[in-house]
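Overview (structure and organization)
Below, each chain spelled out in residue letters.
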Amino acid sequence: MMQLIKTTGLFAITAVAEILGCYLPWLVLKQGRPPWLLLPAAVSLALFAWLLTLHPFAAGRTYAAYGGVYVAVALGWLWAVDGVAPTRWDAIGAGVALVGMAIIALQPRSI
């Protein structure tokens, strides 16, 4: 259980770094915000890439499991930043994605 909490927490921080790194350029391109926002965006994306290396599983498995948490965090971003409340379908989809993440991340490992 502790492994699941640790993995999920690290994935959540990783997702925030990725979303922020993509959201800032979106603000520049779609809402005419100042171009200097691209600098913290680049730092955030570099942080995102580094955070993914902290997981003990193979890269492909890490990316697959991370996707489940990313879905849930993106819906949280939708609510907190965009001001759009997720629907029950969003919540169900995030739940399914998180179950998938747990299955991938916690599968038995042969040594």
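Residues numbered from 1 in each chain as written. Predicted model: local features only at pLDDT ≥ 70, side-chain atom pairs only at ≥ 80, totals over all residues. Heavy atoms only, no water.

Of the residues in the protein chain, 98% reach a pLDDT of 70 or more, and the chain-wide mean stands at 92. The spread of mean pLDDT over the elements of the protein chain runs between helix α3 (residues 59–80), the lowest at 92, and helix α2 (residues 38–52), the highest at 96. (pLDDT = per-residue confidence, 0-100. Helix = DSSP H or I, 4+ residues; strand = E, 2+ residues; numbered from the N terminus.)

Right, let's get into helix α1 (residues 2–31). In this model α1 runs 42 Å from its N-terminal to its C-terminal C-alpha over 30 residues, within 8% of the 44 Å that 1.5 Å per residue would give. Looking one or two residues past α1, Gly32 carries a phi angle of roughly 65°, positive in sign. (Expected span 1.5 Å × (residues − 1).)

What follows covers the packing of aromatic side chains. Taken as a whole, this structure holds five aromatic pairs when the rule is applied. On the numbers, 5.2 Å between centres and 70° between planes, the contact of Tyr23 with Trp77 is edge-to-face. On the criterion of sequence distance, the pair formed by Tyr23 in helix α1 and Trp77 in helix α3 is long-range, its members being 54 residues apart. Under the relative-accessibility criterion, Trp77 is labelled buried at 17%. Following the ring pairs from residue to residue traces out a cluster consisting of Phe11, Phe48, Tyr66 and Tyr70. (Phe/Tyr/Trp six-rings, centres within 6.5 Å; stacked < 30°, edge-to-face > 60°. Buried < 20%, exposed > 50% of the residue type's maximum accessible area, 1.4 Å probe, protein only.)

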